[in-house]
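In case you want the letters, here they are:
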Amino acid sequence: MKGAWSEEDRRHAAALAATYAAAAALALLAAALFILAFGGSIRVAFATVLQASLGTWGGFAQTLNKFCPLLLGSLAVAFGMRGGHFNIGVDGQIYAGAIGMAAVAFGLEGLNLPWPVFVPLGILGGVLAGAFWGLIPGVLRVRYRVSEIFVTVMLNFVALYLVDYLANGPWNDPLAGDAITVPIPKSAVLPQMLPKSGGHMGPLIALAAAAGIYFMMSRTIIGYEIRAVGDNPTAARFGGININRITLVIMPVCGALSGLAGAIEVSGFHQTLLLGLTGPTGAPNYGAMSILIAVIGRRHPLGVILAAAVFAILMVGSDSLQRSIGLPGSAVFVFQAIIVLTVLYVEARRQLST
Amino acid sequence: MSAAPPRVEMRGICKRFGEVVALDRVDLEAAKGEIHALLGENGAGKTTIMNILSGLYRSDAGEIRVDGRPAPIRSPKDAIGFRIGMVHQHVELIGNFTALENILLGHEGTGWVLRAESQRGAVEEVASRYGLSVPLNERVKALPVGIQQKIEILKALYRGADILILDEPTTMLTPQEVDALFATIRKIAEGGLTVIFITHKIKEVLANSDRITVFRGGCRVGTVRRPEASRELLVQMMVGEREFPAGAGRPGAVASSSAGPPALSVRDLSLRNADIHLLKDVSFDVPAGAIVGLAGVSGNGQRELAEAIAGLLPVQAGEVTIRGRSVEKLTVAARIALGLVLIPQNRIDEGILPSLSLAENFVLGLHPYIFKRSGFFEQGTAHEMARIAIRDYNVLTRNERVPSAHLSGGNIQKVIVARAMALFRAIGGGILIANNPTRGLDIMAAAFVHARFREVREGGGGVLLISEDLDELCSICDRILVIHSGEILGGFDGPDYDVYRIGELMAGVRRRQP
Amino acid sequence: MGFVFDISLLQLTMVMMAPLIIACLGEIIIERSGILNVGIEGIVTVGSVAGFLGTFMMGSPVLGCLTAMMAGGILSLLLAYFAISMRANQIVVGLGIFVLGLGLSPLSYRLAVGVVQSPPQIKTLSGVPVPLLGNIPYVGEVLFRQNILVYLTYFLVAAVAFFLFKTPLGLRLRSCGENPRAADSLGINVTAMRYGACVVGGFFLGLAGAYLPLLITGTFTDNLVNGRGWLALMLVIFGRWMPLWAFLGALLFAYVDAFQFKVSSLPQMAKAVPPQFLLMLPYVFAMLVLVKVASGAEAPRALTRPYDRESRE
Ligand SMILES: Nc1ncnc2c1ncn2[C@@H]1O[C@H](COP(=O)(O)OP(=O)(O)OP(=O)(O)O)[C@@H](O)[C@H]1O
Ligand SMILES: [Mg+2]
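Now for a look at the structure at hand. (Residues numbered from 1 in each chain as written. Chains lettered and ligands numbered in written order. Predicted model: local features only at pLDDT ≥ 70, side-chain atom pairs only at ≥ 80, totals over all residues. Heavy atoms only, no water.)

### Some thoughts on the sheet that holds strand β11 (residues 264-273) of chain B
Strand-to-strand pairing in sheets goes through backbone hydrogen bonds, with the strands running parallel or antiparallel. Residue and element names in this part refer to chain B. Spatially, 4 strands are ordered β12-β11-β14-β15 in an open sheet, and the strand pairing comes out antiparallel. The open sheet has two free edges, formed respectively by β12 (276-286) and β15 (325-326), since each of these has just one partner strand. Pairing geometry for strand β14 (residues 317-322) and β15, over 2 bridges, is antiparallel. Across the sheet, the residue bridging to Ile322 is Arg325, located in β15. Packed on one face of the sheet, helix α9 (residues 302-310) meets β11, β12 and β14 and runs near 65 degrees to β12. (Pairing = 2+ DSSP bridges. Helix = DSSP H or I, 4+ residues; strand = E, 2+ residues; numbered from the N terminus. Contact = heavy atoms within 4.5 Å. Axes fitted to C-alpha atoms, helices over the stretch in contact; angles between N-to-C directions.)

Written out as structure tokens, the structure is:
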């Protein structure tokens, strides 16, 4: 079944590679222009990016730590897109997941659970909270035909202020300052993968989730039905698939994936709940990045893993550029958008010519 | 040689859509004051040639002349400049605009401010000249189709069109409206305008035209003057010299296995959209072990009937029973489980998942059954089944992994038929509804599909075969029903069919004329 | 509860309303032509930074507004090219533009301003009471003791409504969004109309962005727009693609926004209700409204559908 690549496969792969090469070249060109505009040296800047993100253990750990929410968030978008649903609510779902994790961590603090029990429980709390946050737009779409785009966007802000409230109010740590809670109990902290450099286990969990989504999409009946609905809802309906049911599966799963990201951010990275965990009103804006990573990764888990890795490197690298030449982190958005538009352009060209 | 040049003249018009040759070196001419009918079966190219004349499509080759002078028409705007106006097959009005706004659009008069009211007089003047009174202030979507049609005509006339094209203007009209429409058309032609109208209906042609041009398969078969035309001649021209393959494939009488309930039974099924009857009290049975054909010109309710039975369209009234089980309340999936399989009419929009692989397309609908044992989506099984189907149905494709959108229309159709047959087998099927399953298939492939339908019949299943191709129906069906305007007008038992009589019913002629 | 009709609250409402409705007008123009622009949040963001920088560097709010309009027009043109000429999926392109806008704004701000101790400030526009009208008690005080940009907003609402429904060009524009084939067959250039709508709509989106620093904050921050673009996108549905209804909707949303702003500054309220719940209000409100409105609203029939003359349907 695997077999050798056919001529057509090879041509397809070559076209794909050429498309992405062109897109990357354009993005690099833009990057070079920005760097010059900010008075940096291109060579030094590119070296800095790589050095900062991959050149040291600490940097590498940072890159992995960013990779985790990027991958999970992008999966949450890509998964929805495969089924024809647009999830713009990754930020909100990350916050929901973070709240879920923190709630379990603070709520069960008194039980003195050992970490192998406590951490999974907390993460489960985050996943469920995220799933709930995703279920809302699903239900509204099925019941009232409200576009999930709007609802997910609005829920971002609701979740943001909810965290704002919790982190300033009931769970606030007066010693730490504004919008931050007391640390979660030690036994609720996700074990570290690179203890010296501060890399947590999250990326492994994220990769497992990607594998899970891949398996679900390609090997389960529901995954197949989701792809069918995303590709042509009318034909899917003619094939006996109930589209409302699919919506009610897709949206909570999207939420659960982002919720997992939020739980890991709290349990592994920040070890507290705080505002500024993610967007939509500030950096890091995982939600916006996830949308484009999903598009760049062609909505496929493997592509998303690659794209998320690249942008994790860029995020960490651009942080260092921000420190050295003042290039704002949001420059990464521009690279992303350039890549997306280039890819769209090449693909539309190909479509029009057939 | 002093005769005036024809009003419109088209020479050697060619048009292709991808691989489809829609028009092949077609000539056409129409005179001043003439009502010229274009007649032909579905897909003959009638709409295409008129779209070219009205500037919507560009021809690949050929020449257009108006009053003997070359008329390079490249856009609708050019056509309007040559005073050509077209009323399209599907009314092209803007539902949310008033009738007046629709008429004025693009021709609003001068100035920056829309003064619809000041143009009203001019519109009413044109309207009364041709007896086309319409409520100008109503929103178009609230108006009945008959009125919408008038608005379309008024739209063209208001722009000063003196070559008026009407593409199947009568399909959605009541008989009274049809009479009124032709009275209007006559009045327009008497005013010196040229009217070209497209239709399938021989009766209308004979009653209302001066000359008739018949199309078949993208070519012009010929043009006849009305006095020389007869129903027989026109049918002959439309369908050509066709012979039915005798022997093996001939249908027999219905296998009278009246032991069990019919495979499908429909009673008084009605479907309305606003005040249009899409289906009106449709009742019929498909006995087990029989192929029942549904003949009719497309757009007369066939699609709605199929979808209503399959549970894809909610119906207002009526009963549907599959093998004795009433199914009105059931979902699509539940009806499939009871033994119903549908081959949809529109293979691209309703049949395939364009970017999924051929194998994954092949199992759509089948998937709850073939993967039941493991509960997982087994790529191996899907690929294996698809490979067999590709071989059996001779699907032209590199392999079963290519996205189905890469296949040609005919090959897509083969996949859809193969899938339907596999599903039928998997559920121990009772009734197969096939909506134009052989459109676009070559003779061998069509014969192969027919053989599968006969297998269903032999196996005690029922087939409802919807087709616009009468020859196909005659060659395979045990019984033929004729649908027109959402009503079943009659039924015929095989194997020897009176093709002309069926053709008349398809054209809405209820009683044989002396 | 005299507070609910407090004059300063209602005055603030008018100020908050202005950027929302201007963005919404731009989106209405674009959507009426049949193009869906979900990049609106990004375009408004770029407009806000362009408006701020234009004003700051050239010292003139007028030039600031013009800069913002240019920026909005250009981004919108990019969307138009992909949506119209390339027939790409409008939602995907829109999301791309959204993120592009989010990225471009801080970038250009930092590029222009550099890293500074205290952020630069521009003067927010001060009120210019309209003679006579401004003296009408209550109503006049709310409506006509505002600054120029709010008056401009009143004018633009009326102008866009007039344009769409009372001019030949407006009729043609709407026909492209409803049934491009019908429009085309009457000689209307659908492509040109759609491009035009996108660019002009983009001017509005940019202008809406410029309103934020000029009217409300006087500074630029990365989260200045804070979802207002998305809210405007919803207002289009709420207003059923009609400027006047959208105006009412914008008033309602702005009132909720102003209300939470005022309430949270009242000391006795701050104790009773945490301010975050008040901040949530506009967004929760928007969702509730959408649930009520969405099923009845009828979008332009051809919205998101590229037009190709020779393809069927
Ligand atoms: N826009 C198009 N794109 C692709 N193929 C087309 C297009 N328009 C027509 N065709 C094809 O050209 C052929 C002629 O179609 P046309 O619409 O002219 O037929 P017609 O005689 O008007 O039939 P009907 O009676 O069904 O309206 C058909 O094979 C059709 O599939
Ligand atoms: Mg036709």
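### Considering the site of ligand 1
Every one of the 17 residues lining ligand 1 counts as a neighbour, but Asn42, Gly43, Thr47 and Thr48 of chain B together with Glu310 of chain C are closest to it. In this structure, Thr47 of chain B approaches ligand 1 through a side-chain N or O atom, which is 2.5 Å from an oxygen atom. Residue Glu168 of chain B places a side-chain N or O atom 3.2 Å away from an oxygen atom belonging to ligand 1. Coverage of ligand 1 by the protein chains reaches 81% of its 630 Å² of free accessible surface. Secondary structure elements with two or more residues in the shell around ligand 1: β2 (20-30) and α1 (46-53) of chain B. Considering each element in turn, the shell around ligand 1 owes the most residues, 3 residues, to α1 of chain B. The class makeup of the residues in the shell around ligand 1 is 5 nonpolar, 7 polar and 5 charged. (Near = heavy atom within 4 Å. Polar contact = N/O pair within 3.5 Å; in protein donor to acceptor, adjacent residues only side chain to side chain. Areas by Shrake-Rupley, 256 points an atom, 1.4 Å probe, with all protein chains shown as cover. Nonpolar A, V, L, I, M, F, W, Y, C, P; charged D, E, K, R; others polar.)

### Considering the interface of chain C and chain A
Contact residues are listed per partner, giving 42 residues for chain C and 45 residues for chain A. Surface buried jointly by chain C and chain A totals about 4000 Å² across both partners, of which 87% is contributed by carbon and sulfur atoms. Across the contact surface, chain C and chain A share 0 salt bridges. Here chain C is connected to chain A by 3 residue pairs in polar contact (both at pLDDT 80 or more). With 15 residues, the single largest contributor to the side of chain C that touches chain A is helix α4 (residues 90-113) of chain C. The residue makeup of the side of chain C that touches chain A, split by class, is 32 nonpolar, 8 polar and 2 charged. (Buried area = accessible area lost by both parts, 1.4 Å probe. Salt bridge = Lys/Arg side-chain N within 4 Å of Asp/Glu carboxyl O.)

### Brief notes about the interface of chain C and chain B
A common way to report how large an interface is uses the accessible area buried once the components associate. At the junction of the two partners, chain C supplies 23 residues and chain B supplies 30 residues. It is Leu171, Leu186 and Glu310 of chain C that lose the most area in chain C upon contact with chain B, and together they represent 29% of the buried surface on that side. Our count for the contact surface shared by chain C and chain B stands at 9 residue pairs in polar contact (both at pLDDT 80 or more). When residues of the side of chain C that touches chain B are traced back to their parent elements, those giving at least two are α6 (148-166), α7 (168-178) and α8 (180-185) of chain C. Residue contributions to the side of chain C that touches chain B peak at 6 residues, all from α7 of chain C. Residue composition of the side of chain C that touches chain B, grouped by class: 8 nonpolar, 5 polar and 10 charged.

### A look at the nonpolar core
Ranked by internal contacts, the top residues of the largest apolar core, which has 353 residues, are Met50 and Phe453 of chain B. No other element matches helix α1 (residues 7-32) of chain C, which puts 17 residues into this core. Not counting the four nearest positions on each side in its chain, Met50 of chain B is found in contact with Met10, Leu28, Leu38, Met86, Ile165, Ile196 and Ile198 of chain B. If you look at the next biggest cluster of nonpolar residues, it comprises 49 residues, including Ile35, Ala37, Leu104 and Val126 of chain B. (Core = buried A, V, L, I, M, F, W, Y, C linked by side-chain atoms within 4.5 Å. Buried < 20%, exposed > 50% of the residue type's maximum accessible area, 1.4 Å probe, protein only.)

### Some thoughts on the sheet that holds strand β19 (residues 479-484) of chain B
All names here are of chain B. The sheet built from 6 strands is open, its strands ordered β16-β17-β18-β13-β19-β20 with mixed pairing. Unpaired on one side and paired on the other, β16 (340-343) and β20 (487-493) mark the two borders of the sheet. Averaged over neighbouring strand pairs, the angle between their axes works out to 15 degrees when direction is ignored. With 4 bridges connecting them, β16 and strand β17 (residues 431-435) associate as parallel partners. Counterpart to Ile343 in the pairing with β17 is Ala434. Contacts between helix α15 (residues 409-426) and the sheet are confined to β16 and β17, with β16 contributing the most and set at about 175 degrees to the helix.

### Quick look at the packing of aromatic side chains
What the rule picks out here adds up to 25 aromatic pairs over all chains. Seen from their ring centres, Trp57 of chain A and Phe60 of chain A are 6.0 Å apart, and the 75 degrees between their planes marks the pair as edge-to-face. Here Trp57 of chain A and its partner Phe60 of chain A are both found in helix α3 (residues 57-82), 3 residues apart, which amounts to about one turn of the helix. Members of the aromatic cluster, connected to one another through ring pairs, are Phe52, Phe56, Tyr109 and Phe220 of chain C. One residue, Arg227 of chain A, lies across the ring of Phe377 of chain B, its end atom 5.9 Å from the ring centre. The ring of Phe448 of chain B carries Arg452 of chain B above its face, with NZ or CZ at 4.2 Å from the centroid. (Phe/Tyr/Trp six-rings, centres within 6.5 Å; stacked < 30°, edge-to-face > 60°. Lys NZ or Arg CZ within 6 Å of the ring centre and 35° of its normal.)

### Brief notes about the coordination of the magnesium ion (ligand 2)
Residues and elements named next belong to chain B. The coordination sphere of the magnesium ion (ligand 2), as far as protein atoms go, consists of Thr47 (OG1) and Gln89 (OE1), spread over 1.8 to 2.4 Å. Residue Thr47 is located in helix α1, and its partner Gln89 is located in the loop between β6 (84-87) and α3 (99-104); the two are separated by 42 residues in the primary sequence. A residue is classified by how much of its surface remains accessible, and Thr47, at 23% relative accessible area, is partly exposed. (Donors = N, O, S within 2.8 Å, 3.2 Å for Na, K, Ca; no water.)

### A short note on helix α4 (residues 90-107) of chain A
Every α-helix winds through 3.6 residues per turn, so residues three or four apart in the chain are directed the same way. With 18 residues, α4 of chain A should reach 26 Å at 1.5 Å per residue; the first-to-last C-alpha distance of 25 Å fits that figure. Of all 18 residues making up α4 of chain A, 16 are buried, and the element is well covered by its neighbours. (Expected span 1.5 Å × (residues − 1).)

### Digging into a nonpolar patch on the surface
Residues and elements named next belong to chain C. The grouping of Phe56, Met57, Met58, Val62, Leu63 and Leu66 at the surface amounts to a nonpolar patch, some 570 Å² of accessible area in total. Of all the secondary-structure elements, those providing two or more residues to the nonpolar patch are α2 (40-58) and α3 (61-85). Checked against the element boundaries, Leu66 lands in helix α3. (Patch = residues over 30% accessible without salt bridge, like charges linked within 9 Å, V, L, I, M, F, W, Y side chains within 5 Å.)

### A closer look at the side chain of Thr278 of chain A
Residue and element names in this part refer to chain A. Take Thr278: it is sitting in the loop between α10 (243-270) and α11 (286-296). Looking at Thr278, the relative accessible area reads 3%, which means it is buried. At 2.5 Å, the side chain of Thr278 and the side chain of Asp91 are in polar contact. Within the local environment of Thr278, its side chain forms a polar contact with the backbone nitrogen of Tyr286, the two atoms lying 3.2 Å apart. Leave out the neighbours within four places in its chain, and Thr278 touches Asp91, Ile94, Tyr95, Pro284, Asn285, Tyr286 and Gly287.

### Concerning the pattern of salt bridges
Residues and elements named next belong to chain B. Within this structure, the stated rule accounts for 35 salt bridges over all chains. When the shortest N-O distance is used, the salt bridge between Arg267 and Asp285 registers 3.0 Å. On the criterion of sequence distance, the pair formed by Arg267 in strand β11 and Asp285 in strand β12 is long-range, its members being 18 residues apart. What makes Asp285 partly exposed here is its relative accessible area of 31%. Close ionic contact of Glu307 with Arg303 constitutes a salt bridge, the shortest N to O distance being 3.4 Å. Of this pair, Glu307 and Arg303 are both found in helix α9, 4 residues apart, which corresponds to roughly one turn of the helix. Each of Arg7, Asp67, Arg83 and Asp162 takes part in a single network of salt bridges with overlapping partners.

### Looking at the side chain of Asp162 of chain B
One can find Asp162 of chain B in the loop between α5 (145-158) and β7 (163-167). Once residues within four sequence positions are removed from consideration, Asp162 of chain B is found in contact with Arg7, Phe82, Arg83, Leu193 and Thr194 of chain B.

### Some remarks on the environment of Pro169 of chain B
All names here are of chain B. Inspection of the secondary structure puts Pro169 in the loop between β7 and α6 (175-190). In this structure the C-alpha to C-alpha distance between Pro169 and Gln89, which are 80 residues apart in sequence, comes to 6.8 Å. Beyond its immediate stretch of four places on either side in the chain, Pro169 contacts Gln149, Leu181 and Ile198.

### Digging into the environment of Ala180 of chain B
Relative to the helices and strands, Ala180 of chain B is located in helix α6. Between the C-alpha atom of Ala180 of chain B and that of Asp471 of chain B, which follows or precedes it by 291 residues, the distance is 34 Å.

Limitation: the analysis is restricted to geometry and does not speak to function.
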